[in-house]
Amino acid sequence: MRTYARLFVAGFRRQSTYRLAALGGLVANTTFGLLKVALLFAAVDAAGGQLSGYDVGAMSAYIWISQGLLGSINLFGRTDMAVRIRSGDVAVDFLRPVDVHLATIATEVGRSVFALLPRGLPSVAIGAFVVGMSLPDDPAAYVLGALSIVLGIVVSATTVYLVAATGFWLVETRGVEILYMVVSGFFAGLFVPIRLFPDWLHAAATATPFPSMMMYPVDVISGRVDGAESAGLVGLQVFWLATTIAAGQLATRAGRRRLEVQGG
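Rules of the game
- Residues numbered from 1 in each chain as written.
- Predicted model: local features only at pLDDT ≥ 70, side-chain atom pairs only at ≥ 80, totals over all residues.
- Heavy atoms only, no water.
- Core = buried A, V, L, I, M, F, W, Y, C linked by side-chain atoms within 4.5 Å.
- Buried < 20%, exposed > 50% of the residue type's maximum accessible area, 1.4 Å probe, protein only.
- Helix = DSSP H or I, 4+ residues; strand = E, 2+ residues; numbered from the N terminus.
- Phe/Tyr/Trp six-rings, centres within 6.5 Å; stacked < 30°, edge-to-face > 60°.
- 1 Å grid on protein atoms, 1.4 Å probe; cavity = no way out; pocket = protein on both sides within 12 Å on 5 of 7 lines; lining within 4 Å.
- Points joined across faces, edges and corners; volume = space filled by probe spheres on them.
- Nonpolar A, V, L, I, M, F, W, Y, C, P; charged D, E, K, R; others polar.
- Polar contact = N/O pair within 3.5 Å; in protein donor to acceptor, adjacent residues only side chain to side chain.
- Contact = heavy atoms within 4.5 Å.
- Salt bridge = Lys/Arg side-chain N within 4 Å of Asp/Glu carboxyl O.

### Observations regarding the nonpolar core
Argument step 1. If you look at the biggest cluster of nonpolar residues, it comprises 60 residues, and the most contacted ones within it are Met-59, Tyr-62, Ile-63, Leu-75 and Met-214.
Argument step 2. Per element, the largest residue contribution to this core is 11 residues, and it comes from helix H7 (residues 139-165).

Structure representation (structure tokens):
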């Protein structure tokens, strides 16, 4: 565990060197957050002040917390591991005395956690103090919400690893990455809360790990759900974490047997 903890710290420190990129990300988060405010607030107002359980305060919480998580949740499908598999450099990783799958996840999570500082917290602050948003009064909601956010980040890393692992069998993975980007953002609740989906589409979304990355953490920490429902959403996140880790282990072992580098 000490090795993976150090890889987590290395990923955190590596991402901390890109301070201007973090500032640019915050500007983009704020800009698109304000656009979402205009559109979704208008939708709530047109619905008479309540839209599928969201009033203006709850919708503001959804917008700004989801924008704050955007830098930490990989919804684009691109990772360094995909490049290393394509180039054959992953062969060197397999020679190291660590689990390639878990080492990649630890590094990715470290990079993602750093993004919460320059992008996540300021985005939430904008929503809380500038726009106005509903937040829970119960301190326990923030503790469970913090756990849910961490689980969401890790589920994102374990799921996007599976996209990279397709490179063991495919010559080019960019098509898979684009498909992942389209589907993950939609089902994770990046554009609108999945509660606004028709019943059949909401059921399809909840049958995937994507809401566990963003929608469930937003619901838990914003207080939109509480009590047993909050615990149930965190339980779903734990289920998808276990499922994607198991799938990643199987894909890595099968991919190692399939890997060809320089014709060997």
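### A short note on the packing of aromatic side chains
Argument step 1. Scanning the entire structure with this criterion turns up seven aromatic pairs.
Argument step 2. A centroid spacing of 4.9 Å and a plane angle of 15° characterise the contact between Phe-186 and Phe-197, whose relative ring orientation is stacked. Of this pair, Phe-186 sits in helix H8 (residues 174-188) while Phe-197 is found in the loop between H8 and helix H9 (199-206), placing the two residues 11 residues apart along the sequence.
Argument step 3. Owing to a relative accessible area of 8%, Phe-197 belongs among the buried residues under this scheme.
Argument step 4. Both rings, one in Phe-239 and one in Trp-240, keep their centres 5.2 Å apart while their planes meet at 70°; by these two values the pair is edge-to-face.
Argument step 5. Classification of Trp-240 as buried rests on a relative accessible area of 15%.
Argument step 6. Grouping aromatic residues by their ring pairs yields a cluster made of Phe-94, Phe-168 and Trp-169.

### Focus on empty space enclosed by the protein
Argument step 1. Evaluated as defined, the whole model comprises one cavity of 30 Å³ or more.
Argument step 2. Size it by volume and the largest cavity reaches roughly 40 Å³.
Argument step 3. In terms of lining residues, the largest cavity is bounded by Thr-79, Met-81, Thr-104, Glu-108, Ala-157, Val-160, Tyr-161 and Ala-164.
Argument step 4. For the lining of the largest cavity, the secondary structure elements donating two or more residues are helix H6 (100-131) and H7.
Argument step 5. Top element by residues in the lining of the largest cavity is H7. It accounts for four residues.
Argument step 6. Per-class residue counts for the lining of the largest cavity are five nonpolar, two polar and one charged.

### Side note on the side chain of Asn-29
Argument step 1. As for its placement among the helices and strands, Asn-29 is situated in helix H2 (residues 19-46).
Argument step 2. The class for Asn-29 is buried, based on a relative accessible area of 2%.
Argument step 3. Among the polar contacts listed, one links the side chain of Asn-29 to the side chain of Arg-119, at a separation of 3.0 Å.
Argument step 4. Those residues in contact with Asn-29 that sit more than four places away from it in its chain are Trp-64, Gln-67, Leu-70, Arg-119 and Ser-123.

### Brief notes about the pattern of salt bridges
Argument step 1. In total, this model carries eight salt bridges according to the counting rule given.
Argument step 2. The partner of Glu-172 in a salt bridge is Arg-86, with the nearest N and O atoms 3.6 Å apart. Of this pair, Glu-172 sits in the loop between H7 and H8 while Arg-86 sits in helix H4 (residues 80-87), and the two are 86 residues apart along the sequence.
Argument step 3. A salt bridge links Asp-93 to Arg-96; the nearest nitrogen and oxygen atoms lie 2.4 Å apart.
Argument step 4. For Arg-96, a relative accessible area of 44% corresponds to the partly exposed category.

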